[in-house]
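Secondary and tertiary structure notes
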Amino acid sequence: MLIIALFLLYLIWGLNWTVMKIASVYFEPELFATSRFLVGFIVLLPFVFFNKNHRNNLKNIIVDSFVPLKNLSESDTSSYFSIISLIVRLKNCSLFWIALAGILHISYSNVVVQIAISHLGAGVSCVLNYTMPIFVAILSYIVLKEKFSFVKSLGIGLAFIGLFVIMNFRLEGELSMMFFALSGALSWAVANLIIKTKLGGLDKLAHTTLQLGFGTFFLIVYSCIVVKSLPVFNLTSILCLLYNGVLASALCFVLWSFVVDQMDPSALAVSSMLTPLIGVLGGVVFLSERLSSRMIFGMMLLLFGVIMVQIVVRHQNNSTKKIEDKLK
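The rules behind each value
- Residues numbered from 1 in each chain as written.
- Predicted model: local features only at pLDDT ≥ 70, side-chain atom pairs only at ≥ 80, totals over all residues.
- Heavy atoms only, no water.
- Helix = DSSP H or I, 4+ residues; strand = E, 2+ residues; numbered from the N terminus.
- Buried < 20%, exposed > 50% of the residue type's maximum accessible area, 1.4 Å probe, protein only.
- Contact = heavy atoms within 4.5 Å.
- Core = buried A, V, L, I, M, F, W, Y, C linked by side-chain atoms within 4.5 Å.
- Patch = residues over 30% accessible without salt bridge, like charges linked within 9 Å, V, L, I, M, F, W, Y side chains within 5 Å.
- Areas by Shrake-Rupley, 256 points an atom, 1.4 Å probe, with all protein chains shown as cover.
- Salt bridge = Lys/Arg side-chain N within 4 Å of Asp/Glu carboxyl O.
- Axes fitted to C-alpha atoms, helices over the stretch in contact; angles between N-to-C directions.
- Parallel < 35°, antiparallel > 145°, perpendicular 65-115°, else oblique.
- Nonpolar A, V, L, I, M, F, W, Y, C, P; charged D, E, K, R; others polar.
- Left-handed = near helix turned anticlockwise from the far one by under 90°.
- Expected span 1.5 Å × (residues − 1).
- Arc of directions from axis to C-beta.
- Polar contact = N/O pair within 3.5 Å; in protein donor to acceptor, adjacent residues only side chain to side chain.

Examined against the element boundaries, L95 turns out to sit in helix α5 (residues 94-120). On the basis of relative accessible area, L95 is assigned to the buried category, the value being 14%. As for L95 and F214, which are separated by 119 residues in sequence, their C-alpha atoms are 9.7 Å apart. Apart from residues no more than four positions distant in its own chain, L95 is found in contact with I61, I62, S65, F66, L210 and F214.

Another aspect to go through is the nonpolar core. Grouped together as the largest cluster of nonpolar side chains are 76 residues, with contacts concentrated most on L9, W17, L120, V124, L128, I166 and L302. When residues of this core are assigned to their parent elements, the largest contribution, 11 residues, is made by α5.

Moving on, we come to a nonpolar patch on the surface. Judged by side-chain polarity, F233, L235, I238, L239, L242 and V246 come together as a nonpolar surface patch covering roughly 570 Å² of accessible area. Looking at the element boundaries, F233 is found in the loop between α10 (204-226) and α11 (235-262). On the accessibility criterion, F233 (55% relative accessible area) is exposed.

In this fold, T209 is placed in helix α10. By relative accessible area, which is 2% here, T209 ends up buried. Ignoring anything within four residues of it in the chain, the contact list for T209 reads F41, L44, L45 and V48.

Where helix α1 (residues 2-23) meets α5, the closest approach of the two axes is 9 Å, and the angle between their N-to-C directions is 75°. With respect to each other, α1 and α5 are oriented roughly perpendicular. Two secondary-structure elements touch here, α1 through W17, M20 and K21 and α5 through V113, Q114, I117 and S118. Its residues placed into classes, the contact of α1 with α5 shows four nonpolar, two polar and one charged.

So, on to the packing of α5 against helix α6 (residues 122-129). Axis separation between α5 and α6 bottoms out at 7 Å; the angle between their running directions is 145°. When the axes of α5 and α6 are compared, the crossing they make is right-handed. Mapping the contact onto sequence places S109, V113, A116, I117 and L120 in α5 and V124, S125, L128 and N129 in α6. Considering only residue class, the contact of α5 with α6 consists of six nonpolar, three polar and no charged.

Before going further, it helps to examine helix α3 (residues 52-65). The first and last C-alpha atoms of α3 sit 20 Å apart over 14 residues, in line with the 20 Å expected at 1.5 Å per residue. By the burial criterion, the buried members of α3 are L58, I61 and S65. Within α3, the buried residues cover an arc of 60° as seen down the axis, which keeps them to one side. Turned more than 90 degrees off the buried face of α3, the exposed positions are K52, N53 and K59. The inward-facing, buried residues of α3 abut α2 (29-49), α5 and α10. Sitting at the amino-terminal end of α3 is N51, which places a side-chain oxygen 3.1 Å from the backbone nitrogen of N53.

Its 21 residues place the ends of α2 31 Å apart at the C-alpha level, agreeing with the 30 Å of an ideal helix rising 1.5 Å per residue. Of the positions making up α2, those classed as buried are E30, L31, F32, A33, T34, S35, R36, F37, G40, L44 and V48.

Right, here's the structure in full:
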């Protein structure tokens, strides 16, 4: 069952880059991201509400999140110090961190991805987006004070050399868009760090549904402001939307929650590198996107660097687990 789940997960997510590129013809980027996650949220809700455990966990997340705010009276909320106190208390509010992760990952990162695809193509956008583990490693060093081994440093160095090769592939008008695409990967990395440090003990499906809901809400607001044209609905655009909403969002979130429970997170991160490879191959096969030898070399350096980093992280986690087992 685990192998089947992993196969479906990476196949659906990998080919989704091709589907999103096709959808960009019929939807404005912001509107497609909004429609995709709205469909995904609607489809995902029954999985939470018709399961007693997930439903109760969802309720507990919401109720417990308001506990840190109970002691603030109406008269206090007008003062400067109470505002500071409110901000401090939000640090212990799960709903606040879920909303922030939703904005960073679901809202910002995915809008960036959709815009980048229309300018850079599915293959390049996919590879740039999956630099996320490198940003996670760097942020973990800064925020969590995790140490860098020689191999880990080498992996990060190779990844950035690969990025340099990719980003110098075509400089005319595309370098700024590549940096924009990388900002989406950075936003995703920050969201993952929030989930790792603030939401680790919560029901995965429950907080993922809430995160998707918050992200979708802000996408709706943003789309109402910036979208200038309605989508073109035909068989192709509807199939693209259903693929993204039902399969790439709702189903893959459920599959993701399942495999996370079954696999070591670092091993899962290593295997996730199949996604950009499938994304690149999908762009070449279905969209006739051209890849030069230089582009392939840059992608291989980047992916190899990411894999090196994830292998080191997995080794560190296994060593920590062994130490903890001995101390028990």
